[in-house]
Amino acid sequence: MATLEIRDLHVSVEADNATKEILKGVDLTVKQGETHAIMGPNGSGKSTLAYSLAGHPKYTITSGTVTLDGEDVLEMSVDERARAGVFLAMQYPVEVPGVSVSNFLRTSATAIRGEAPKLRTWVKEVKESMERLNMDPSFAERNVNEGFSGGEKKRHEILQLELLKPKIAILDETDSGLDVDALRIVSEGVNRVRESGDTGTLLITHYTRILRYIKPDHVHVFAGGRIAESGGPELADKLEAEGYEAYTKGGTAQ
Amino acid sequence: MAEASIPVGSTTAGSIAVAAESTVATRMSAPPSFDVADFPVPHGREEEWRFTPLERLRGLHDGTAIAVRDGVRVEVEAPEGVTVETVGAGDARLGKAGTPVDRVAAQAYSAVEKASVITVPKETVLTEPIRISVQGTGETAYGHQVIELGAFAEAVVVIDHTGTGVLAANVDYLIGDGAKLTVVSIQDWDEKAVHVGQHNALVGRDASFKSVIVTFGGDLVRLHPRVTYAATGGEAQLFGLYFTDRAQHHEHRLLVDHNKPHNTSNVAYKGALQGEAAHAVWIGDVLIRAAAEGTDTYELNRNLVLTDGARVDSVPNLEIETGEIAGAGHASATGRFDDEQLFYLMARGIPAAEARRLVVRGFFAELVQQIGVPDVQERLIDKIEAELEASL
Ligand SMILES: Nc1ncnc2c1ncn2[C@@H]1O[C@H](COP(=O)(O)OP(=O)(O)O)[C@@H](O)[C@H]1O
Ligand SMILES: [Mg+2]
């Protein structure tokens, strides 16, 4: 069973000629088939964790380890991590002018699967996934994320999740900026992937709203660059009632 | 593209001058003339020469570049119905579309003994392109070509420059009323070639002119595509792509002279640069004269800088002498390769080299699609891939 293990992860960024530590010792284990919700206030370092796992060059790992089934993830380049089975649905997906969604998806699937998918089954696969996510077929001919609405960008991320079937899916605030209908559609997409039992999910969110659609096995409160408390789904109910104040006031946050 | 991150040393200036003194005219150190003696030998500080390394012009600018007979081989492949003539320097059609604006163009005009004139008779609609191959033989040459379309004729012309040598040439396009001309000029020179050219288009009433300039090769290429209108209802599209490598100098200086009312122009040039001392210069002058009410114009230049050490000078310049226009705008942006795009693609398993290819292809894609000549489009994409291959 695939397992992502994060041990004592410290991460810093360079900003204004100074080094700023953002992650201050994160410990977390995510197994295939499990869903972990990571909840925390703005600026607590959730995206930093997500980007660091995917290998964004802006973030420097100063200490700690990340392994996927014992393999050192931190040694891998960004594309190697993706091919090893780590997927990041981004909070702010990037526009790539002049590159069509269909070309992008096929190039990506070819890289991840190690061979070009058979054209006939591929076209059908994409079409069906798009239908389930309520995406118009004309979407495939548009340029990646160019002129997409917030909701379209998030659907496009989940479309990739469904097509690439990663071992570990990191969803960074996939819920933010979505109306209720879009939230439901996107959540259903995530749940289809979860139901396969092959994917471990790290669901990063600011709000408890999405947890009505996607039921986590574990909930972690993220504050001040580390996990401040872990528990079961009941922890989300507590956050819903009390907010993050207890964690940010207690001195765990900056 | 991260438009804010202008590479060190690059400039993107830009101005819209309304009813001011014409900087287009004052920018030139002498008025247009067919006589080389009317232009002083440039010293390099003149506005029109300040970006050009004169020492690499191999004497084209100071009278020391002496042409040899057949210094370039020109072959014309024309479909039936097209007339191809070789004429003497005195032929009345030479220089009808425009007058040399700098010393090199005047030198070429003064030095040529023979010119080619290609005529597409009125109402003749070609289904195959006219292909002109200009092949350098390592020598110095001056050239002049005229392409004339009669009323309502339609043609596509592909001019392909290969080989090496030193060439200064004038090309005239005379586009009759209601005619449609597409010209693709490909500068696919070997690395030592020097090519300076002035292209003059005279757009007839309700005529369309599309110019596509594609510059890859050469040590130094400096082209002046220029458009004026004979009447109203004309349309000019000026597209350009360049891929400027280590130590190459590619300079494109455009002028659209809206001298008559109710004409349109659309200019879009895109360039990628890589390698130490790669230098691209883009000057986009659009002049809307007092008489040119109803003008609609837009010009754009975008540059993608792939490595350190490359430099871009991009100067759009729009001068408006009448308030009665339909639209006028300009944009210029020079950006580095966008690391966020690269990260996004790589985060989907795509290896770095392939991700870079996708981004650069994407950068040029929209422009390539507008060329409308399939074999040229394919060759261009292959060429872009080969350029990238060489850098990775
Ligand atoms: N690339 C960066 N450069 C500078 N500071 C950053 C960068 N990324 C994140 N930060 C800072 O790190 C902190 C955590 O940010 P982030 O990880 O985005 O938090 P969250 O996703 O929980 O809102 C913030 O103070 C933010 O300003
Ligand atoms: Mg965030």
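Residues numbered from 1 in each chain as written. Chains lettered and ligands numbered in written order. Predicted model: local features only at pLDDT ≥ 70, side-chain atom pairs only at ≥ 80, totals over all residues. Heavy atoms only, no water.

*Asks:* Help me understand the overall build of chain B in this model?
*Replies:* For chain B, the helix and strand inventory stands at 5 helices and 18 strands. The C-alpha radius of gyration of chain B comes to 20 Å, within 12% of the 21 Å expected for a compact globule of 392 residues. Burial status across chain B gives 59% buried among its 392 residues. Sequence-distant contacts, at least 24 apart, represent 86% of the contacts inside chain B between residues at least 6 apart. Of the roughly 14600 Å² of accessible surface on chain B, a fraction of 49% belongs to carbon and sulfur atoms. Averaging the positions of the 33 positive and the 55 negative side-chain charges in chain B gives two centres separated by 2 Å. (Helix = DSSP H or I, 4+ residues; strand = E, 2+ residues; numbered from the N terminus. Rg over C-alpha atoms; globule rule 2.2 N^0.38 Å. Buried < 20%, exposed > 50% of the residue type's maximum accessible area, 1.4 Å probe, protein only. Contact = heavy atoms within 4.5 Å. Areas by Shrake-Rupley, 256 points an atom, 1.4 Å probe, with all protein chains shown as cover. Lys, Arg positive; Asp, Glu negative; His and termini not counted. Charge placed at Lys NZ, Arg CZ, Asp CG, Glu CD.)

*Asks:* Looking at this model, I keep getting lost on the coordination of the magnesium ion (ligand 2). Mind explaining?
*Replies:* For a metal with four tetrahedral donors the ideal donor-metal-donor angle is 109.5 degrees, while six octahedral donors give ideal angles of 90 or 180 degrees. Residues and elements named next belong to chain A. Taken together, the protein donors to the magnesium ion (ligand 2) comprise Ser47 (OG) and Gln91 (OE1), at separations of 2.1 to 2.3 Å. Residue Ser47 is located in helix 1 (residues 46–54), and its partner Gln91 is located in the loop between strand 6 (86–89) and strand 7 (96–100); the two are separated by 44 residues in the primary sequence. Accessibility expressed as a relative area gives 14% for Gln91, which makes it buried. (Donors = N, O, S within 2.8 Å, 3.2 Å for Na, K, Ca; no water.)

*Asks:* I tried to follow the layout of surface pockets on my own but got confused; where do I start?
*Replies:* In this approach the atoms are scanned with a rolling probe the size of a water molecule, which exposes any empty space left behind. Here the largest pocket defines a volume of roughly 840 Å³. At the level of elements, strand 3 (72–77), strand 4 (83–88), helix 2 (103–111), strand 5 (114–120), strand 6 (130–149), strand 7 (154–175) and strand 9 (194–203) of chain B are the ones that each hand at least two residues to the lining of the largest pocket. Element by element, the count of residues in the lining of the largest pocket is highest for strand 7 of chain B, at 7 residues. Residues of the lining of the largest pocket, tallied by class, amount to 19 nonpolar, 15 polar and 5 charged. In this structure, the second largest pocket encloses a volume near 560 Å³. Around the second largest pocket, the lining is made up of 29 residues, and of these Gly98(A), Arg361(B), Gly362(B), Phe363(B) and Ala365(B) lie nearest the centre. Secondary-structure elements contributing two or more residues to the lining of the second largest pocket are strand 7 of chain A together with strand 16 (296–305), helix 4 (352–369) and helix 5 (374–391) of chain B. With 10 residues, helix 4 of chain B is the single largest residue contributor to the lining of the second largest pocket. (1 Å grid on protein atoms, 1.4 Å probe; cavity = no way out; pocket = protein on both sides within 12 Å on 5 of 7 lines; lining within 4 Å. Points joined across faces, edges and corners; volume = space filled by probe spheres on them. Nonpolar A, V, L, I, M, F, W, Y, C, P; charged D, E, K, R; others polar.)

*Asks:* In this structure, what is going on with the interface of chain A and chain B? I would like to understand it.
*Replies:* Many analyses report the size of an interface as the accessible area lost when the parts associate. Of the residues lining the interface, 33 residues belong to chain A; the matching set on chain B comes to 18 residues. Taken together, the two surfaces of chain A and chain B that pack against each other cover about 1900 Å², and 69% of this comes from carbon and sulfur. The tally of links between chain A and chain B comes to 2 salt bridges. If you look at where chain A meets chain B, you find 10 residue pairs in polar contact (both at pLDDT 80 or more). Residue assignment for the side of chain A that touches chain B shows that the elements contributing at least two residues are helix 1, helix 2 (78–84), strand 6, strand 7, helix 3 (101–113) and helix 5 (150–164) of chain A. Counting residues per element, the side of chain A that touches chain B draws most heavily on helix 3 of chain A, which supplies 6 residues. (Buried area = accessible area lost by both parts, 1.4 Å probe. Salt bridge = Lys/Arg side-chain N within 4 Å of Asp/Glu carboxyl O. Polar contact = N/O pair within 3.5 Å; in protein donor to acceptor, adjacent residues only side chain to side chain.)

*Asks:* Even after reading the chapter, I still don't get unusual backbone geometry, so can you show me in this structure?
*Replies:* Working note: non-glycine residues mostly have negative phi, and peptide bonds are mostly trans. You will see that Asp8(A), though not glycine, has its phi angle at about 45°, which is positive. Structurally, Asp8(A) is set in strand 1 (residues 3–15). One non-glycine residue, Asp206(B), adopts positive backbone phi at about 55°. Owing to a relative accessible area of 44%, Asp206(B) belongs among the partly exposed residues under this scheme.

*Asks:* Please clarify how the packing of aromatic side chains should be interpreted in this entry.
*Replies:* The geometry of an aromatic ring pair is captured by two quantities: the separation of the ring centres and the angle between the planes. Taken as a whole, this structure holds 9 aromatic pairs over all chains when the rule is applied. Look at Phe139(A) and Phe148(A): their rings are 4.5 Å apart centre to centre, the planes differ by 50°, and that puts the pair in the tilted class. Ring geometry for Tyr269(B) against Trp282(B): centres 6.3 Å apart, planes inclined by 50°, an arrangement best described as tilted. Here Tyr269(B) is found in strand 14 (residues 264–273), whereas its partner Trp282(B) is found in strand 15 (residues 279–288), with 13 residues between them in sequence. (Phe/Tyr/Trp six-rings, centres within 6.5 Å; stacked < 30°, edge-to-face > 60°.)

*Asks:* Even after reading the chapter, I still don't get the pattern of salt bridges, so can you show me in this structure?
*Replies:* Where charged atoms of side chains with opposite charge meet at close range, the side chains can pair. All names here are of chain B. The full count for this structure, using the stated rule, is 31 salt bridges over all chains. With its nearest N and O atoms 3.3 Å apart, the salt bridge here joins Arg361 to Glu385. Remark: Glu385 occurs in helix 5 and Arg361 occurs in helix 4; sequence separation between them is 24 residues. The network of salt bridges with shared partners includes Asp102, Arg222, Glu251 and Arg253.

*Asks:* Looking at this structure, I do not really get the nonpolar core. What am I missing?
*Replies:* Most often, soluble globular proteins have nonpolar side chains that are buried together. Grouped together as the largest cluster of nonpolar side chains are 111 residues, with contacts concentrated most on Ile6(A), Leu49(A), Ile170(A), Val184(B), Phe243(B), Val360(B) and Phe364(B). Examining the composition of this core, we find that 8 residues originate from one element, helix 4 of chain B, more than from any other. For Val184(B), the contacting residues outside a window of four places in its chain are Val157(B), Val158(B), Ile159(B), Val212(B), Val214(B), Ile371(B), Val373(B) and Val376(B). Core analysis: the next-biggest nonpolar cluster, separate from the first, contains 53 residues, Ala169(B), Ala193(B), Val203(B) and Ala236(B) among them. (Core = buried A, V, L, I, M, F, W, Y, C linked by side-chain atoms within 4.5 Å.)

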